[in-house]
Structures are given as C-alpha cells and as structure tokens.
Amino acid sequence: MFNEIKKSKSFDKNIFLAEKYFEYQKLKRKSTWWQISKILKLNPRTVYQWKKQTPKLIKTASQIPKEKLPKNIKWLNLTMEGQWKFKNFIKVPIKIKNYRDIKFVLDQLESLDNNSVSKWKDKYGVITKYQALGYIIGLMISDADKDRRSILSYRIRMGLSKAYNWSINMGEALCYCLSIIGIEAKRVKDGKPDKKSPNGRYVWRSQNSSFIVWLKKSCLGLNQKETTTNTPVRMSWVFNSPKEMIIWILNGVYDGDGCAYIRGWQITNADQPNQEFVNDLLNIFDIKSVSRGPKSVIETKGSLIVAAKLPIFRFATGKLEDSKKLIKLMENSNSISKRMDYDKIMKRIVNLNKEGSHPKDIPIKIFEEFNIGIHPRRVYTVLNRRDLFG
C-alpha cells in the first residue's frame, strides 16, 4: 500500500506536511498555532486545522495494524470509507510463490451474504473461494477491465454485448464470484451502441477495492501501467495450483475471449499477449493448442473432445452449447466411409454446394440430414474431386 502512496503526485507535499506535523507537536505546548505557523513557515490555516485533524499520511499510518509481519507479507485493507479511512485489514504476500500463498489469503476472506447472493447461489450452485478467484483472474486476463479509481483501489468492470442472450448469465456469474471473495458488484447503466458493439452492452461493476490492486500486481504479475491487452501475465504460481482452480481460470479466459467455431471445427482464444501462457495451461490437461496469428487454436479431435468435457466454457452458455454441438459433429465422423449411403452423402455435399451452400456450412447440413459428422477439410476435398461423385 505504501508503495502505491509513494507514486502519488501529492506524496512529496504530504510527506513534507507529515514531517512538519511532528515539529508542530513539539512546539504546541509553548507556542500558539499562529506563532507555530510562522516558525514552520506554513499557511496559518494548515496549522490551525491540525488542532482537529492530522495530515493524511499520518492518518493513514495510524490505521495500519501494529503487528510485525514477515518480509514478504504486508497489510492490505479490503474496504475504504471515503479516500483515507481504511477498514478490514488482511495479510497478503507481495509476491505469490505458490498456491499456499493464495490459500493463505483466501482463508482470511469472508463471503458476502445478502438477497442477491442467495439468488445467485440458487442459480449457479455452490462455488468455492478458489474456484471463484480462478474465474475472476481468468476474466481479468481476458475480458474484464481493471478501472483505477484512486492510487489505492481499482474496480472490475465488464461490458458484454446485448447481441447474446447469455451475456446476462455471464455478468451475474462474475458478480456472484466476486461476492464469494467478499467484493460487492452489480449491474449498472447499460453501455450505448458503438462501432465495436452496435447492439449496446450490458455493464457490471464492482466496488472500489485495494484487493483488486493486489490481484493485478501480485496474482497477475502486472505493474500499474501494464495491461493484459498488451502485456503477458507473470503467473508461474498457477502451474502448481489445484487443477480445479486452473480449469476455472481457463473458464474465465475462454468465456471472455474464446470461441467454439463450429464451421471450422476449432475452439479458439483471441487473448494474443497470453497465447503461450494459455497453451501451457491447456497442456496440463493434454490439450494441444497452437498459436496461429492473433489466436490460440485447438483443432485436433482428441484435444477438442477433452476441452469440451473439461468444460473449457462455464457461464458463456452460448459458447458452451456450441462446443457440445461441435463434439456431436465429431463423434461419429470416422465411420462415414463405412456407411452404405456413403456415395449418397458425397453427392449431397456436391449438390448443396451447387445450390449455394458455403463449404463450411455443409457439415452442419449433412449432420442434420444424415446424423453423421464430416470435417470441413473433407468437404473441400470432395468438392475439389466432385467429378468422382457425378
């Protein structure tokens, strides 16, 4: 917290006033406040105010618990009243070395309990603290903004397109996960249509909290000026965490920036700065993902099946359903050449293309008609050799 305060533009002025305040304490028994202002060369109004309130830095320091902490542990306030009243201190590691550091923090957090939380619990079921934190971290890596509200607190804000009926499900799930780790969040005024989101956006926002600053710095490994849009996260601690937490981190990443691409038989992720990090996480579950341009791509049959069953999507239910549909298309694709109606299917592929169907749309139409999966690449092969099928 003190390192953040030192970065403030007003820090030099505040530390100067704090030092003068200590001199004032020595002088006030023998001199009037007016005399002291002349001795210290300060505005008389400043010295007069010290009779009722202390300078900001001293007020801050007086609220920090006096218990001495180990070198890597610092005090962090979870809530604030106004700009300078700190409440609900917990102990947090400056640098996360392993999952034990995460558990140390989670054990100190208290979940919220109100009517909204009860409704979310009924809707989404019981979610543990480490699952909730994993999902929040995943969304911070992908889709959620980290708004800086002051030198000591950030808030999480997420806007999702109104074009998708599952956007509200995902936004409420984020609020529920935040409540599980003790942070209030709610839906706020919708965003207006713009070029990126012509249908407008639903918007959710959390309370301001120093804990979100800690999440960005210590958990994601990013400094104040770095963003996940341009900078890869530094999160080596994740690889020794429980697999269940890693799944929920992937859920946040893929709910935010992922896509189940049925036409191409792929599951992709557009989080470009963190492609290598995401690929390494997927590799833990024997899911092969390759970086291709701005995306990480899962396209081998075995990896797609594992990813869908993980599941790689959680609350973005539209993407989740698309991944299930993709697996259905793939389930019996190997048996197509053994079917009695093989030639009929091949001729139907050619005719659908003649009728105007795009090659990438043909696998879905073949599945609907014949209940058989066929890879888009095979469709292109058939169309290139259409003379064999009349």
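**What about the packing of helix α14 (residues 317-331) against helix α16 (residues 362-370)?**
Part 1 of the reasoning: Here α14 crosses α16 at 70°, and the two axes come no closer than 11 Å. With respect to α16, the axis of α14 lies roughly perpendicular. As for how α14 packs across α16, the hand of that crossing is left-handed. Taken together, the residues of α16 that come into contact with α14 (itself represented by Lys325, Lys328 and Leu329) are Pro363, Ile364 and Phe367.
Part 2 of the reasoning: Residue composition of the contact of α14 with α16, by class: four nonpolar, no polar and two charged.

**Considering empty space enclosed by the protein**
Part 1 of the reasoning: In the structure shown here, the tally under the stated rule is two cavities of 30 Å³ or more.
Part 2 of the reasoning: What the largest cavity holds in volume is close to 40 Å³.
Part 3 of the reasoning: Every residue lining the largest cavity is listed: Leu78, Thr79, Ile181, Gly182, Ile183, Gln207, Ser209 and Phe211.

**With respect to the pattern of salt bridges**
Part 1 of the reasoning: Under the definition given, this model contains twelve salt bridges.
Part 2 of the reasoning: A salt bridge links Asp107 to Lys103, with the nearest nitrogen and oxygen atoms 3.0 Å apart.
Part 3 of the reasoning: Classification of Asp107 as exposed rests on a relative accessible area of 55%.
Part 4 of the reasoning: Arg348 is paired through a salt bridge with Glu355; the nearest N and O atoms lie 3.4 Å apart.
Part 5 of the reasoning: We classify Arg348 as partly exposed; its relative accessible area is 22%.
Part 6 of the reasoning: Beyond isolated ion pairs, a larger network of salt bridges with shared partners links Lys162, Arg187 and Asp190.

Reading guide: rules and limits
- Every chain is numbered on its own, with residues counted from 1 as its sequence reads.
- Local features in this predicted model are restricted to residues of pLDDT 70 or higher, and side-chain atom pairs are both shown and tallied only at a pLDDT of 80 or more, whereas totals for entire chains, interfaces and linings draw on every residue.
- Hydrogens and waters are ignored; side-chain quantities use all the structure's heavy atoms.
- For helices, the fitted axis covers only the stretch in contact; all axes are lines through C-alpha atoms, and the angles between them, taken along N-to-C directions, range from 0 to 180 degrees.
- A run of H or I in DSSP becomes a helix once it reaches four residues, and a run of E becomes a strand once it reaches two; helices and strands are each numbered from the N terminus.
- By definition in this entry, angles of less than 35 degrees are roughly parallel, angles greater than 145 are roughly antiparallel, angles of 65 to 115 are roughly perpendicular, and the rest are oblique.
- Definitions for this section: a left-handed crossing has its near helix turned counterclockwise from the far helix by less than a right angle. A right-handed crossing has that turn clockwise.
- Contacts are residue-level and defined by heavy atoms, with any inter-residue pair within 4.5 Å sufficient.
- Amino acid classes used here: Ala, Val, Leu, Ile, Met, Phe, Trp, Tyr, Cys and Pro are nonpolar; Asp, Glu, Lys and Arg are charged; the rest, including Gly, are polar.
- In the cavity and pocket records, a cavity denotes points on a 1 Å grid over the protein atoms alone where a 1.4 Å probe fits but cannot get out, a pocket denotes an open set with protein on both sides within 12 Å along at least 5 of 7 lines, and lining residues are residues with an atom within 4 Å of a point.
- Grid points are joined across faces, edges and corners, and a volume is the space filled by probe spheres set on the points.
- The term salt bridge refers to a pairing of a side-chain nitrogen on Lys or Arg with a carboxyl oxygen on Asp or Glu at a separation within 4 Å.
- Exposure is judged per residue with a 1.4 Å probe applied to protein chains only, and the accessible area is read against the type maximum: over 50% gives exposed, under 20% gives buried, and values in between give partly exposed.

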